[in-house]
Amino acid sequence: MKRLSLFTLLLAALCSIATAQTIKEKLEEIAIIDQKVMMPMRDGVRLATDIYRPKTDKKVPVIFSRTPYNFNSYGDGEERTRGLQRAYDAVSRGYAYVVQNERGRYFSEGEWDILGVPLTDGYDAFSWMTDQEWCNGKIGTFGCSSTAEWQMAVAALDHPSHAAMVPMGFGAGVGKVGDFYEQGNWYRGGVEQMLFFAWLYSVQHDEMRPRLPEGITQEDLLRLQRFYDMSPEYPSVDWSEGLKHLPIQDIIKAHNGAEGVYEKMVRRKPNDPAWFEGGLYHDNMDFGVPSFWFCSWYDVSISPNLALFNHVRNTADKEVADNQYLVIAPTLHCAYWRATENTVVGERSVGDARLDYDGLIYGWFDYWLKNEQNRITDTLPRVQYYVMGENKWKTSDTWPPENAESTAFYIDSDGGANSLFGNGRLTLDPPSQDNKDSFTYDPMNPVTSYGGNVCCTGNAAVSYTHLTLP
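Residues numbered from 1 in each chain as written. Predicted model: local features only at pLDDT ≥ 70, side-chain atom pairs only at ≥ 80, totals over all residues. Heavy atoms only, no water.

A. Main features of the overall build of the chain. Each helix and strand counted, the chain has 14 helices and 18 strands in total. Computed over the C-alpha atoms, the radius of gyration of the chain is 23 Å, within 12% of the 23 Å expected from 2.2 N^0.38 for a compact globule of 470 residues. For the C-alpha atoms alone, the extent of the chain along its principal axes is close to 80 × 55 × 50 Å. In the chain, which comprises 470 residues, the share counted as buried stands at 51%. Roughly 23500 Å² of accessible area belongs to the chain as shown, and the carbon and sulfur atoms make up 51% of that amount. For the chain, the separation between the mean place of its 43 positive charges and that of its 62 negative charges on side chains is 4 Å. (Helix = DSSP H or I, 4+ residues; strand = E, 2+ residues; numbered from the N terminus. Rg over C-alpha atoms; globule rule 2.2 N^0.38 Å. Buried < 20%, exposed > 50% of the residue type's maximum accessible area, 1.4 Å probe, protein only. Areas by Shrake-Rupley, 256 points an atom, 1.4 Å probe, with all protein chains shown as cover. Lys, Arg positive; Asp, Glu negative; His and termini not counted. Charge placed at Lys NZ, Arg CZ, Asp CG, Glu CD.)

Here's what the structure looks like:
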């Protein structure tokens, strides 16, 4: 069995390399490729940037993705393959595709913070791209999860070149959004979300990590990236047991993980002013960019996501508010393109949840970045949402839909709900005050999670398929 398993893994790796190599060869045929461009920020810090643009003398619009994740085009893995495919898709449609690491990540200089310090990095990147002779002055931002988090705040700066954005699987920022008080999804109801503990274990770079010489040249970076991409290899952890460690501030330390932003974040209280010093959106910010929002019923932040969409619609200037559109898919975090004729989440089939995501996104960018008169803002439903149970896509002019009614369900029993064979039930009527049931709650022996709107916890949630975030 071990030999077969090893052979299977090796075969999968070889297939991944071949796929990435094939896409890269196709990309080289149509694109001018300029990798490891060190883009300067206003404080002198340089951010590592890969640029793919069509082989043309005409000025072209830009699709820009800024990310904490590794996008080095050399090497194997699904993430590298997806990145090259996104670049190919954009260039083949007449766009420059620019992908950049946040400061302190991989080849980028500076110190990383989960909150994206400083906010001005996005603005400075827009200005730099706009000044390039190949740019037509129109930039659209795109990304999912952490690659989407920074977009809302930079939209508040209203850079003249930031023409449109597509945030996917995003958080709602920091501050009050609708009925939610958000701290970048770190807290929910005052409780720290342990998904970040497992996530930061696998992404934060140690404060004592090796660093490249200050002022290193692009020529040296191009050589180094072929065999050394500064991507740490984190030993795997059984998070079904690892997240039980106490005190929680020592969870990563207990597994000999990297020392970084976790140690600071885990001690930060919900009302700490430091939340507002970073690069995430605050509810008192303006909002100046037409946006096509994508979120998922099975995502950790679905309720704040919907609240943020409504917040922008209710508070932005009319022209901006009227150009906000939303898709709600029945998928896991950032798994939109994984929908099939029989989309399965955990152990539940939700039916054919496919949607032409590429067509919708590029139609959006074509309108705002190329000035193509495709009438997408006239024909696109304000909200497209998937109804599970009916297993169909529906549309609405508002969220919630205009005639939607909220139904309250109550937990009730005849006094014996404590097993699969008990008499517990959901009812539409409030239970009688005399009809009481109870159970023993032991935080040291919690009930196992069987999925739901969770993310990034590895094997800590049963029946949840772990995803590598884009």
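Here the narrative resumes, following the displayed structure.
B. Spatial organisation of the sheet that holds strand 5 (residues 135-144). Ordered by their spatial adjacency, ten strands build an open sheet running 1-2-4-3-5-6-11-12-15-16, and the pairing between neighbours is mixed. This sheet does not close on itself; its edge strands, each paired only once, are strand 1 (31-40) and strand 16 (392-396). On average, each strand axis in the sheet is inclined to that of its neighbour by 20°, with strand direction left out of account. The pairing of strand 12 (residues 324-329) with strand 15 (residues 383-387) spans three bridges and is classified as parallel. Across the sheet, the residue bridging to Leu326 is Val383, located in strand 15. Its contacts with the sheet put helix 2 (residues 78-92) on strand 1, strand 2 (46-54), strand 3 (60-67), strand 4 (96-101) and strand 5, and the angle it makes with strand 2 is roughly 45°. Contacts from helix 11 (residues 302-315) reach strand 11 (291-296), strand 12 and strand 15 within the one sheet, and its direction differs from that of strand 12 by about 165°. (Pairing = 2+ DSSP bridges. Axes fitted to C-alpha atoms, helices over the stretch in contact; angles between N-to-C directions. Contact = heavy atoms within 4.5 Å.)

C. Expanded view of the environment of Val98. One can find Val98 in strand 4. On the basis of relative accessibility, which here comes to 0%, the residue Val98 falls in the buried class. For Val98 and Lys264, which are 166 residues apart along the polypeptide, the C-alpha to C-alpha distance reads 31 Å.

D. Region of the structure containing a nonpolar patch on the surface. A cluster of nonpolar side chains, namely Phe409, Ile411, Leu426 and Leu428, defines an oily patch on the protein surface of about 500 Å² accessible area. Among the structural elements, Leu428 can be located in the segment after strand 18 (425-427). Overall, the relative accessible area of 54% leaves Leu428 in the exposed class. (Patch = residues over 30% accessible without salt bridge, like charges linked within 9 Å, V, L, I, M, F, W, Y side chains within 5 Å. Salt bridge = Lys/Arg side-chain N within 4 Å of Asp/Glu carboxyl O.)

E. Representation of the nonpolar core. Formed by 51 residues in total, the largest nonpolar core has its most connected members in Val62, Phe64, Met129, Phe287, Trp293, Leu308 and Ile328. With six residues, the single largest contributor to this core is helix 11. Among all residues touching Met129, those that are not within four sequence positions of it are Met39, Val62, Phe64, Val98, Cys135 and Ile139. Ala20, Tyr336, Ile361 and Phe365 belong to the second largest nonpolar core, which has 38 residues in total. (Core = buried A, V, L, I, M, F, W, Y, C linked by side-chain atoms within 4.5 Å.)

F. Spotlight on the side chain of His282. Relative to the elements of secondary structure, His282 occurs in the loop between helix 10 (261-265) and strand 11. Leave out the neighbours within four places in its chain, and His282 touches Val174, Trp275 and Phe276.

G. Just the packing of aromatic side chains, in detail. By the definition in use, this model includes 28 aromatic pairs. Pairing Phe292 with Trp364 gives two aromatic rings, centres 5.5 Å apart and planes at 50°, and the pair type is tilted. Here the residue Phe292 occupies a position in strand 11, and Trp364 occupies one in helix 13 (residues 357-369), the gap between them amounting to 72 residues. Comparing Phe292 with Trp364, the two get one shared label, buried. Relative to Tyr357, the ring of Trp337 lies with its centre 5.7 Å away and its plane at 55°, an arrangement referred to as tilted. In this pair, Trp337 sits in the loop between strand 12 and strand 13 (344-345) while Tyr357 sits in helix 13, placing the two residues 20 residues apart along the sequence. Judged by its relative accessible area of 42%, Trp337 falls in the partly exposed class. The buried category is assigned to Tyr357, whose relative accessible area is 2%. (Phe/Tyr/Trp six-rings, centres within 6.5 Å; stacked < 30°, edge-to-face > 60°.)

H. Representation of the pairing of strand 15 within the structure. Summarising burial for strand 15: five of the five residues are buried, a large majority. Here strand 15 shows two buried faces, one formed by Val383, Tyr385 and Val387 and the other by Gln384 and Tyr386. Bridge count for strand 15 against strand 16 is five bridges, and the pairing is antiparallel. Its bridge partner being in strand 16, Val383 is matched across the sheet by Ser396. Linkage of strand 15 to strand 16, two consecutive antiparallel strands, is achieved through a turn of four residues, within which Gly389 is found at a positive phi near 100°.

I. Quick look at the environment of Gly257. Summarising the element assignment, Gly257 is placed in the loop between helix 9 (251-254) and helix 10. With a relative accessible area of 18%, Gly257 lands in the buried category. Separated by 95 residues in sequence, Gly257 and His162 have C-alpha atoms that sit 38 Å apart. Beyond its immediate sequence surroundings of up to four residues, Gly257 is in contact with Tyr201, Asp206 and Ile252.

J. Structural detail: unusual backbone geometry. Of note, the amide linkage connecting Leu246 to Pro247 takes the cis form, showing an omega dihedral of -5°. That bond from Trp399 to Pro400 is cis: its omega, -5°, falls within 30 degrees of zero. Relative to the helices and strands, Pro400 resides in the loop between strand 16 and strand 17 (410-412). Its identity is not glycine, yet Met230 carries a phi of approximately 60°, on the positive side. Structurally, the position occupied by Met230 is in the loop between helix 7 (218-224) and helix 8 (239-242). For Met230, a relative accessible area of 14% translates into the label buried. Positive phi outside glycine occurs at Arg375, with the angle close to 60°.

K. Up close: helix 13. An ideal rise of 1.5 Å per residue puts 18 Å on 13 residues; helix 13 measures up with 18 Å between its terminal C-alpha atoms. Every buried residue of helix 13 is listed here: Tyr357, Leu360, Ile361, Tyr362, Gly363, Trp364, Phe365, Asp366, Trp368 and Leu369. (Expected span 1.5 Å × (residues − 1).)

L. Molecular detail of the state of the cysteines. Taken as a whole and judged by the stated rule, the model has two disulfides. Sulfur-sulfur distance for the disulfide between Cys144 and Cys334 comes to 2.0 Å. Because the torsion about its S-S bond is -100°, the bridge between Cys144 and Cys334 counts as left-handed. Within this pair, whereas Cys144 is found in strand 5, its partner Cys334 is found in the loop between strand 12 and strand 13, the two being separated by 190 residues in sequence. A relative accessible area of 11% means that Cys334 is categorised as buried. In this model, Cys455 is linked to Cys456 through a disulfide, with the two sulfur atoms separated by 1.9 Å. For Cys455, a relative accessible area of 3% corresponds to the buried category. The cysteine Cys295 is free of any disulfide, with Cys144 supplying the nearest cysteine sulfur at 10 Å. With a relative accessible area of 0%, Cys295 lands in the buried category. (Disulfide = S-S within 2.5 Å.)

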